[in-house]
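Listed below, chain by chain, are the residues.
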Amino acid sequence: MQAGAREELPMPIAVERRGRIASITFNRPETGNLMNATLFAALRDALREAAGDDAVRVVRLGSTGEAFTRGGDLHEFMHNPLKDGWERSALYDCTLELARFPKPIVAAVQGPAIGGGSTLILNCDIVVASDRAGFVFPFSSLGLCPEIGSSYLLPLAVGERRARDWMLTSRRISAEEARDAGLITELVPHEQLEARADAIAEQLAGYSGAAMSATKKLLQEVHLAALEAAIQAELRALSVLMEGPAVKEAVGAFFDKRKPDFSTVA
């Protein structure tokens, strides 16, 4: 990754070096930055490159368009991306990369963060959100279960009782509620979001990389074994649920533009 260079990875993720900051941007606004196996593989590779580049001290994560991400690609759900084994999936690799990432990640959330968008930011160190942002953990409404470590990280961030509410009801969480609960670090007016996230990334980039990595390692290590166990348990459960009738009903209802009927499915 050369300073000032811009690269388009196989999935539309743009990677740019700005001094000591690696900027990773979801760049498929026409789809709402839907997440699929190709995106997770690209994000994994971008994170690995940033982790191994001694010149990079901070990752700045963001997205283009109105949505941070509208969640998983339901077209891919129909073909079950975990059918060949969750241990070999790009989702698993990317989730481990996030859980173990040794440098600060500053995320900017400008709009809806649904599913994987909400679970992914739990792995970031500082999350700045626009007043247009909203968050959804839609597992129950899709016949699915938590992923990207969220079954462990969400209760840690917002408390057990609130995490159960959010995950089981699949309701929308406003930016204000997310801030008050501790899901995000800071809430700013929409027009100030990019400048504020950039300012935080620049501040961190001016600090000692060794000191920040040591600090992050200390914060990670107390939770890492439990987090990795949770990630594996999530994917085992998810691989079973993705073959089940509830997911087929939820996905079919989405494409048919109707409310799913789970009354006859387990």
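Residues numbered from 1 in each chain as written. Predicted model: local features only at pLDDT ≥ 70, side-chain atom pairs only at ≥ 80, totals over all residues. Heavy atoms only, no water.

As recorded in an unreviewed UniProt entry, the protein goes by Enoyl-CoA hydratase and comes from Tistrella bauzanensis. Listed under Subcellular location (unreviewed entry) in UniProt, the entry text for the protein is "Peroxisome". (UniProt positions renumbered as here; feature names shortened; annotations may be inferred.)

J.: Kindly report on the sheet that holds strand β9 (residues 172–174), identifying the contributing residues and their values.
T.: Reading across the sheet, the 3 strands line up as β6-β8-β9 and stay open at both edges, with mixed pairing between neighbours. Edge positions in the sheet fall to β6 (112–114) and β9, since each of these pairs with one other strand and no more. Between one strand axis and the next, the sheet turns by 20 degrees as a mean value, whatever way the strands run. (Pairing = 2+ DSSP bridges. Helix = DSSP H or I, 4+ residues; strand = E, 2+ residues; numbered from the N terminus. Axes fitted to C-alpha atoms, helices over the stretch in contact; angles between N-to-C directions.)

J.: Break down the pairing of strand β7 (residues 126–130) for me, citing the residues and quoting the values.
T.: Of all the 5 residues making up β7, 4 are buried; the element is thus mostly covered by neighbouring parts of the structure. Direction of pairing for strand β5 (residues 105–109) relative to β7: parallel, over a ladder of 4 bridges. Bridge assignment links Ala108 to a residue of β7, and that residue is Val128. Relative to strand β10 (residues 186–188), β7 is paired through 3 bridges, and the arrangement is parallel. Its bridge partner lying in β10, Ala129 is registered against Leu187. (Buried < 20%, exposed > 50% of the residue type's maximum accessible area, 1.4 Å probe, protein only.)

J.: How would you summarise the packing of aromatic side chains if you had to cite specific residues and measurements?
T.: The tally for this structure, following the rule as stated, stands at 5 aromatic pairs. Cluster of aromatic residues (ring-pair linked, three or more members): Phe137, Phe139 and Trp166. (Phe/Tyr/Trp six-rings, centres within 6.5 Å; stacked < 30°, edge-to-face > 60°.)

J.: Can you break down the packing of helix α3 (residues 90–100) against helix α10 (residues 209–241) residue by residue, with the values?
T.: Helix-helix packing is described using two parameters, namely the angle between the two axes and the distance between the axes. Direction vectors running N to C along α3 and α10 enclose 165 degrees, while the axes themselves pass 10 Å from each other. With respect to their mutual orientation, α3 and α10 come out roughly antiparallel. Viewed along their axes, α3 and α10 form a crossing whose handedness is right-handed. Together, Leu91, Tyr92, Thr95, Leu96, Ala99 and Arg100 of α3 and Gln220, Leu224, Leu227, Glu228, Ile231, Gln232, Leu235 and Leu238 of α10 make up the contact between the two elements. Each residue belonging to the contact of α3 with α10 can be placed in one class, and the counts come to 9 nonpolar, 3 polar and 2 charged. (Parallel < 35°, antiparallel > 145°, perpendicular 65-115°, else oblique. Left-handed = near helix turned anticlockwise from the far one by under 90°. Contact = heavy atoms within 4.5 Å. Nonpolar A, V, L, I, M, F, W, Y, C, P; charged D, E, K, R; others polar.)

J.: Outline a nonpolar patch on the surface, supporting the account with residue identities and numerical values.
T.: Residues Met78, Phe254 and Phe255 make up a contiguous nonpolar surface patch of about 320 Å² in total accessible area. Structurally, Phe254 is set in helix α11 (residues 245–256). (Patch = residues over 30% accessible without salt bridge, like charges linked within 9 Å, V, L, I, M, F, W, Y side chains within 5 Å. Areas by Shrake-Rupley, 256 points an atom, 1.4 Å probe, with all protein chains shown as cover. Salt bridge = Lys/Arg side-chain N within 4 Å of Asp/Glu carboxyl O.)

J.: Residue-level account of the packing of helix α1 (residues 37–52) against α3, with values.
T.: One can describe the packing of α1 onto α3 by two numbers: an axis separation of 8 Å at closest approach and a directional angle of 30 degrees. Viewed along their axes, α1 and α3 form a crossing whose handedness is left-handed. Residues Ala37, Phe40, Ala41, Leu43, Arg44, Leu47 and Arg48 of α1 lie in contact with α3, whose contacting residues are Ala90, Leu91, Asp93, Cys94, Glu97 and Leu98. Within the contact of α1 with α3, the residues separate by chemical class into 9 nonpolar, no polar and 4 charged.

J.: Give me the lowdown on the pairing of strand β4 (residues 58–63), citing residues and values where you can.
T.: Burial analysis of β4 places 6 of its 6 residues in the buried class, the great majority of the element. Side-chain alternation along β4 places Val58, Arg60 and Gly62 on one buried face and Val59, Leu61 and Ser63 on a second face that is also buried. Note on the crossover from strand β3 (residues 21–26) through α1 to β4: the handedness is right-handed. As defined by bridge partners, β4 adjoins β5 across 3 bridges and the pair is classed as parallel. Of the residues in β5, the one forming a bridge with Arg60 is Val106. (Right-handed = clockwise from strand over helix to strand, strands pointing away.)

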